[in-house]
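A structural walkthrough
Here is what each chain is made of, one letter per residue.
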Amino acid sequence: MSNVMNTPKAEASVQVLPIDLLRKFDHPGPRYTSYPTADRFVESFTAEDYVLSLEQRSHGAGIAKPLSIYVHIPFCESLCYYCACNKVITRHPERAATYLDYLIREIQMQARHLGGKASVSQLHFGGGTPTYLSDAQLARLWHALQEHFRLMPGGEYSIEVDPRTVDRTRLQFLARLGFNRISFGVQDFDPVVQKAVHRVQSFEQVQGLMTASREVGFESVNIDLIYGLPHQSVRSFSDTLRKTHDLLPDRIAVYSYAHLPQRFKPQRRIAEADLPGAAVKTQMAALTIEYLGSAGYVYVGMDHFALPTDALAVAKRQGRLHRNFQGYSTQPDADLIALGVSAIGRVGPTYSQNAKEIDEYYDLLDQGRLPIVRGMALSHDDLMRRAVIMAIMCQGQLSYESIEVAFLIEFQRYFAWELTQLQAMQDEGLVQLQADGFNVTAKGWYVVRAVAMLFDRYLQADKMRTRYSRII
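Being a predicted model, the structure only gives us computed values, none of them experimental.

Okay, the sheet that holds strand β19 (residues 437-440) next. Within the open sheet, the three strands sit side by side as β17-β19-β18. Their pairing is antiparallel. The open sheet has two edge strands, β17 (397-399) and β18 (431-434), and neither has a second partner. Taken pair by pair, the neighbouring strands of this sheet meet at an average axis angle of 10 degrees, ignoring direction. In this structure, β18 lies alongside β19, joined through four bridges in antiparallel fashion. By the bridge assignment for β19, L433 is matched with F438. Those strands touched by helix α13 (residues 380-395) are β17 and β19, and its axis lies near 140 degrees from that of β17. Here helix α14 (residues 400-407) sits on the sheet in contact with β17, β18 and β19, set at roughly 55 degrees to β17.

Counted under the stated rule, the structure contains 24 salt bridges. Measuring nitrogen to oxygen at the nearest pair gives 3.5 Å for the salt bridge that ties D162 to R199. Here the residue D162 occupies a position in the loop between β5 (150-161) and α6 (168-177), and R199 occupies one in the loop between α7 (191-197) and α8 (203-216), the gap between them amounting to 37 residues. Put simply, K243 and D239 hold a salt bridge, and the shortest N to O gap is 3.4 Å. Note that K243 and D239 are positioned in helix α9 (residues 234-247) at a spacing of four residues, about one turn of the helix. Take K243: its relative accessible area is 22%, and that puts it in the partly exposed class. A cluster of three or more residues bridged by salt bridges with shared partners is formed by D381, D382, R385, E418 and R457.

Further remarks concern the packing of aromatic side chains. Taken as a whole and assessed by the stated rule, the structure comprises 21 aromatic pairs. Measuring from ring centre to ring centre gives 5.0 Å for F125 and F179, while their planes differ by 80 degrees; the resulting arrangement is edge-to-face. On the criterion of sequence distance, the pair formed by F125 in strand β4 (residues 119-127) and F179 in the loop between α6 and β6 (181-187) is long-range, its members being 54 residues apart. Here the two residues F125 and F179 agree in accessibility, since each one is buried. Judged by centre distance (6.1 Å) and plane angle (50 degrees), the rings of Y361 and Y362 are tilted. Across the pair, Y362 and Y361 agree in class, each one buried. An aromatic cluster is built from F75, Y99, Y102, Y132, Y361 and Y362, whose rings are joined through pairwise contacts. The ring centre of Y328 lies 4.5 Å from the NZ or CZ of R323, which sits over that ring.

About the thresholds
- Residues numbered from 1 in each chain as written.
- Predicted model: local features only at pLDDT ≥ 70, side-chain atom pairs only at ≥ 80, totals over all residues.
- Heavy atoms only, no water.
- Pairing = 2+ DSSP bridges.
- Helix = DSSP H or I, 4+ residues; strand = E, 2+ residues; numbered from the N terminus.
- Axes fitted to C-alpha atoms, helices over the stretch in contact; angles between N-to-C directions.
- Contact = heavy atoms within 4.5 Å.
- Salt bridge = Lys/Arg side-chain N within 4 Å of Asp/Glu carboxyl O.
- Buried < 20%, exposed > 50% of the residue type's maximum accessible area, 1.4 Å probe, protein only.
- Phe/Tyr/Trp six-rings, centres within 6.5 Å; stacked < 30°, edge-to-face > 60°.
- Lys NZ or Arg CZ within 6 Å of the ring centre and 35° of its normal.

Given below as structure tokens:
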């Protein structure tokens with residue numbers, strides 16, 4: 001394995017975007033966990049529209065593909081200053097007990113509209129902190145899902161875990177319950193950075209949990225990291241990458257920190273002067289790609305890395321990779337049932353989102369209604385552009401013929417303006433255009449979101465980019 005992370009010389013040798021391109025692309029843009037993006041959802045899309053999409057699925061011809069399910073647990077005991085998730089900070093466990101009652105009520109309603117015990121091949125508990133729930137509460141939730149859905153053998157059943165909330169005994173319980181994949185939110189191993197974001201956990205603590213996870217039978221272990229946090233430097237983040245590789249997780253997600261204090265109040269506790277600039281952040285991204293690649297990880301896309309044998313890397317090789325609201329996924333065509341406050345789902349050509357506030361979530365369920373407050377029914381153009389954007393974000397390349405056959409258009413005529421803009425990106429070395437398609441270059445991966453943005457009809461129409469995190 002290369003030791004490029006161990007010396008300052010290695011840091012200086014990393015290839016990054018020229019300063020003129022850094023300045024050009026240092027602006028906000030979507031992460032494209034969906035298209036159209038969630039900020040385009042409208043309140044005119046109602047729970048009744050969502051129910052219709054469920055019924056159309058259940059009454060459709062042939063055998064429906066297995067579902068994915070996302071369950072949102074919003075509770076945390078302490079506040080992480082960088083966090084932009086929908087969360088409730090509380091040390092009152094009775095709040096979680098009430099929430100669980102309503103969550104199970106929503107499960108029952110969703111299953112009823114699906115018209116039977118639908119098959120599920122992918123399940124993810126996210127938050128907040130799912131392990132805020134007690135073992136008894138997690139068991140109750142799991143059994144409710146089993147009662148109303150068929151969890152298929154060999155499925156991917158994952159849970160996000162704050163390392164500060166579990167020990168070996170809890171990991172054993174999670175594995176016995178049925179979880180086979182686990183994700184540890186680490187973010188950074190540097191004590192100065194940890195203190196600045198109010199999330200302190202030692203390397204030794206995470207190392208012990210990694211060992212225990214493998215010993216109790218988890219098939220895949222992920223570690224989440226974030227670059228761009230206060231007081232991070234290229235040198236300090238290289239040390240975090242080295243320590244992460246020493247743990248040899250099956251997957252590593254390395255996210256760019258989006259500083260949006262005007263939208264997310266916890267981030268106001270982070271001084272903007274303490275944040276690394278765009279050039280340093282790009283160096284961190286370059287180091288991550290270079291180091292993890294030399295260590296044997298497959299660069300799945302924008303923020304995900306996986307060992308070659310992991311299902312995510314296999315999906316990338318086989319062209320089955322997709323992005324959904326949790327990031328990269330192995331199931332490109334799976335409908336996603338979203339459960340819990342603020343959760344976003346996808347059924348057929350529709351997106352939907354539950355109420356963001358717990359009181360409203362409870363109130364709608366008390367009325368006997370699914371807690372959906374907004375969403376979107378996708379047009380033919382939306383579906384086509386989603387296919388284009390997902391090909392860019394997941395495979396880094398696009399065949400014109402694949403879109404022409406699927407949507408009955410002439411690609412180069414329909415997307416004439418977009419291809420003109422891509423020509424300028426080709427001149428900058430970010431994409432390569434051919435007669436039958438195009439691909440994103442290695443340099444272009446740093447700004448792959450900017451490539452995808454050219455095909456975003458809504459974004460190009462209004463240019464209101466300030467609502468998004470910055471690309472760099």
